[in-house]
Amino acid sequence: LENGSLSIIVLGASGDLAKKKTFPALFNLYKQGFLLPEEVHIFGYARTKISDEELRNRIRGYLVRNKGASPKDVEDVTNFLQLIKYVSGSYDGEEGFRLLDKEISDNEISKHSAEGSSRRLFYLALPPSVYPSVCRMIRHYCMNRSDLGGWTRIVVEKPFGKDLDSAEQLSKQIGELFEEPQIYRIDHYLGKELVQNLLVLRFANRFFLPLWNRDNIANVQIVFREDFGTEGRGGYFDEYGIIRDIIQNHLLQVLCLVAMEKPISLKPEHIRDEKVKVLQSVMPIEDDEVVLGQYDGYTDDPTVPDHSNTPTFSTVILRIHNERWEGVPFILKAGKALNSRKAEIRVQFKDVPGDIFKCKKQGRNEFVIRLQPSEAMYMKLTVKQPGLEMATVQSELDLSYGQRYQGVTIPEAYERLILDTIRGDQQHFVRRDELKAAWEIFTPLLHRIDNGELKPLPYQPGSRGPAEADALLEKVGYVQTHGY
Ligand code: BG6
């Protein structure tokens, strides 16, 4: 990391995201020595009038996740919390932001007047409705003004709008205040270990290069399941639904990395150029290639309207109109309150032509990348059943991270992404044109759901979701394999 003072300002400091994700990620970076106490100042900003100490107490319980914190952990927590100061103010008035600027500047000056630049990272752990005013206030009152250089960057979280028009409007408002290289749009799926591994897998392995296309691949599934409902977040969720919450961003980003062409280099702009091309090649979604669901009991939440039409489950088929993928369905599936918690990519290969073993009914070759829980990748393949008979059986080549990389701690998505924002690496962040292309794909479908033209089917909490979703998979050619 460069020299100089680094100020990290978490706006919305007492909210859920800040407590559960942002501060714990900062703490982990601090513990590992990425945020050196001599150079970093952390500020919380929010409307509530509380003291530094009160903010620290609110955060403390979230920093060490496992109960049995060691004495070293306790010491680290105490030292980390001492770095945090709190400033209260509104999100649209200059007073609070002037005060914030003064606090930041005083700390920069007291410790680093002659040593280096001033770097200011504003993390907006806030609802998007206040992004424009907060960005304006930062732009007017809180920018880095050091003669010795440095930067000001902002980090924003989804939802970036609700459809194409609102997202474009938001982008325009922020774009008038900050340049694209200053804006970091987080999609935390891009910070997951196995998502980051996709480029390496695809482009550093001879195995995959000749197979990764319509000649060999029958279909690709990208699946997100959660085994809990919208508990405590019903109000937010009902406004957005599963497509805006998971599919339009997290699953679509994964699709881009699975489907994109090889970038000309690893430069963030080259990678993002290729992702945009994939998104722009996605065809309009067909009505008969969508299944929506809503789990029974969803509307019991007092913050959810009784007759809500919001889907908590959806399977959507995307079709990429290009030379590599024509005819290959990309099945995006996400659901809350299902029977398990899992996120995975499942690439199913076509049948072997001229099958002399008659082993087709055992299933097809599949390459599965499990993003969570228990990161793993495995290839399902047909082998000879050990023994005297010439029988075949489905088996797997298995790379489970827990076994292969014992003792290696896999960093949390937010940890890496925050480090990237400090380092100025935008590879794992969503560019403005990517965002636009992503909304273009889903906006017509979302409008039809919002208008009540398409209705979710009921499903039992703890089930696989509506049976119609499995039927759709079969219709587009997914062959259920056995043993998994
Ligand atoms: C968030 C969604 O973006 O991702 C949540 O808003 C969801 O609804 C969460 O639970 C899932 O993240 P992860 O990392 O637990 O898969």
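Residues numbered from 1 in each chain as written. Predicted model: local features only at pLDDT ≥ 70, side-chain atom pairs only at ≥ 80, totals over all residues. Heavy atoms only, no water.

1. Considering the overall build of the protein chain
The number of helices and strands found in the protein chain is 13 helices and 15 strands. Computed over the C-alpha atoms, the radius of gyration of the protein chain is 24 Å, within 12% of the 23 Å expected from 2.2 N^0.38 for a compact globule of 484 residues. Expressed along its principal axes, the backbone C-alpha trace of the protein chain runs to roughly 80 × 50 × 45 Å. Within the protein chain, contacts between residues separated by at least 24 positions form 77% of all contacts whose residues are at least 6 apart in sequence. Summed over its atoms, the accessible surface of the protein chain is roughly 22000 Å², and 51% of this surface lies on carbon and sulfur atoms. Computed over 63 positive and 69 negative side-chain charges, the inter-centroid distance for the protein chain is 3 Å. (Helix = DSSP H or I, 4+ residues; strand = E, 2+ residues; numbered from the N terminus. Rg over C-alpha atoms; globule rule 2.2 N^0.38 Å. Contact = heavy atoms within 4.5 Å. Areas by Shrake-Rupley, 256 points an atom, 1.4 Å probe, with all protein chains shown as cover. Lys, Arg positive; Asp, Glu negative; His and termini not counted. Charge placed at Lys NZ, Arg CZ, Asp CG, Glu CD.)

2. Some words on the nonpolar core
In terms of nonpolar packing, the biggest core is built from 147 residues, with Leu 124, Ile 138, Leu 318, Phe 330 and Phe 442 touching the most fellow members. Setting aside residues up to four positions removed in sequence, Phe 330 forms contacts with Val 220, Leu 255, Val 258, Ala 259, Val 316, Ile 317, Leu 318, Ile 320 and Trp 325. (Core = buried A, V, L, I, M, F, W, Y, C linked by side-chain atoms within 4.5 Å. Buried < 20%, exposed > 50% of the residue type's maximum accessible area, 1.4 Å probe, protein only.)

3. Things to note about the site of the ligand
Lining the immediate environment of the ligand, one finds 13 residues, of which Lys 158, Tyr 189, Lys 192, Glu 226 and Asp 245 sit closest. Contacts to the ligand include His 188, whose side-chain N or O atom sits 2.8 Å from an oxygen atom. Tyr 189 is positioned such that a nitrogen or oxygen atom in its side chain is 2.4 Å from an oxygen atom of the ligand. When the ligand is considered free in solution it has 400 Å² of accessible area, and contact with the protein chains removes 83% of it. The element contributing the most residues to the shell around the ligand is helix 8 (residues 234-259), with 3 residues. Its residues placed into classes, the shell around the ligand shows 3 nonpolar, 3 polar and 7 charged. (Near = heavy atom within 4 Å. Polar contact = N/O pair within 3.5 Å; in protein donor to acceptor, adjacent residues only side chain to side chain. Nonpolar A, V, L, I, M, F, W, Y, C, P; charged D, E, K, R; others polar.)

4. Considerations on the state of the cysteines
If you walk through the whole model with that rule in mind, you get 0 disulfides. The cysteine Cys 142 is free of any disulfide, with Cys 135 supplying the nearest cysteine sulfur at 11 Å. The class of Cys 142 is buried, set by a relative accessible area of 0%. (Disulfide = S-S within 2.5 Å.)

5. Re a nonpolar patch on the surface
A contiguous nonpolar surface patch, about 380 Å² in accessible area, is contributed by Ile 356, Phe 357 and Met 390. Residue Ile 356 is classed as exposed on the basis of its relative accessible area of 69%. (Patch = residues over 30% accessible without salt bridge, like charges linked within 9 Å, V, L, I, M, F, W, Y side chains within 5 Å. Salt bridge = Lys/Arg side-chain N within 4 Å of Asp/Glu carboxyl O.)

6. Points about the sheet that holds strand 4 (residues 117-124)
Taking strand neighbours across the sheet as the criterion, the 6 strands line up as 3-2-1-4-5-6 in an open arrangement whose pairing is parallel. One side of each edge strand has no neighbouring strand; the edge strands of this open sheet are strand 3 (84-88) and strand 6 (183-186). Neighbour-to-neighbour, the strand axes of this sheet turn through a mean angle of 20 degrees, independent of strand direction. The sheet contacts of helix 2 (residues 52-63) involve strand 2 (40-46) and strand 3, and relative to strand 3 the element is tilted by about 115 degrees. Relative to strand 5 (residues 150-157), helix 11 (residues 413-423) is tilted by about 150 degrees, and along the sheet it contacts strand 1 (4-11), strand 4, strand 5 and strand 6. (Pairing = 2+ DSSP bridges. Axes fitted to C-alpha atoms, helices over the stretch in contact; angles between N-to-C directions.)

7. Here we look at the sheet that holds strand 14 (residues 392-400)
Taken in spatial order, the 9 strands of this open sheet run 14-13-12-11-7-10-9-8-15, and their pairing is mixed. This sheet does not close on itself; its edge strands, each paired only once, are strand 14 and strand 15 (457-459). Each adjacent strand pair in this sheet contributes to an overall mean axis angle of 20 degrees, direction not counted. When strand 8 (residues 290-295) meets strand 9 (residues 313-319), the two strands line up antiparallel, connected through 4 bridges. What sits directly across from Val 291, in strand 9, is Thr 315. Here helix 12 (residues 432-450) sits on the sheet and contacts strand 8, strand 9 and strand 10 (329-335); the angle it forms with strand 9, its principal contact strand, is near 140 degrees. Strands strand 7 (217-225), strand 8, strand 9, strand 10 and strand 15 of the sheet are contacted by helix 13 (residues 467-475), whose axis makes an angle of about 15 degrees with strand 9.

8. Looking at the confidence of the model for the protein chain
Of the residues in the protein chain, 96% have a pLDDT of 70 or more, and the chain-wide mean is 93. This complex was scored by the predictor with a pTM of 0.95 and an ipTM of 0.95. (pLDDT = per-residue confidence, 0-100.)

9. A short note on the environment of Leu 148
Tracing the chain through its elements places Leu 148 in the loop between helix 5 (131-141) and strand 5. Separated by 20 residues in the primary sequence, Leu 148 and Pro 128 have C-alpha atoms spaced 33 Å apart.

10. Considerations on the pattern of salt bridges
Inspection of every chain in the model, using the stated rule, returns 36 salt bridges. Ionic pairing is found between Glu 274 and Lys 277, a salt bridge with its closest N-O pair at 3.2 Å. Of this pair, Glu 274 and Lys 277 both sit in helix 9 (residues 268-280), separated by 3 residues, roughly a single helical turn. Ionic pairing is found between Asp 470 and Arg 464, a salt bridge with its closest N-O pair at 2.8 Å. Arg 464 sits in the partly exposed class, given a relative accessible area of 38%. Among the charged side chains, a network of salt bridges with common partners joins Glu 269, Arg 272, Asp 273, Arg 431 and Asp 433.

11. Topic: unusual backbone geometry
With an omega of 0 degrees, the peptide bond running from Lys 158 to Pro 159 counts as cis. Turning to its location among the elements, Pro 159 is positioned in the loop between strand 5 and helix 6 (164-175). Backbone torsion omega between Gln 372 and Pro 373 reads -10 degrees, so that peptide bond is classified as cis. Mapped onto the fold, Pro 373 is located in the loop between strand 12 (366-372) and strand 13 (376-384). Positive phi values are uncommon outside glycine, yet Ala 337 reaches one of about 55 degrees. Mapped onto the elements of the fold, Ala 337 is located in the loop between strand 10 and strand 11 (342-349). If you check the backbone angles, Ser 374 has positive phi at about 50 degrees while not being a glycine. The residue Ser 374 is located in the loop between strand 12 and strand 13 in this model.

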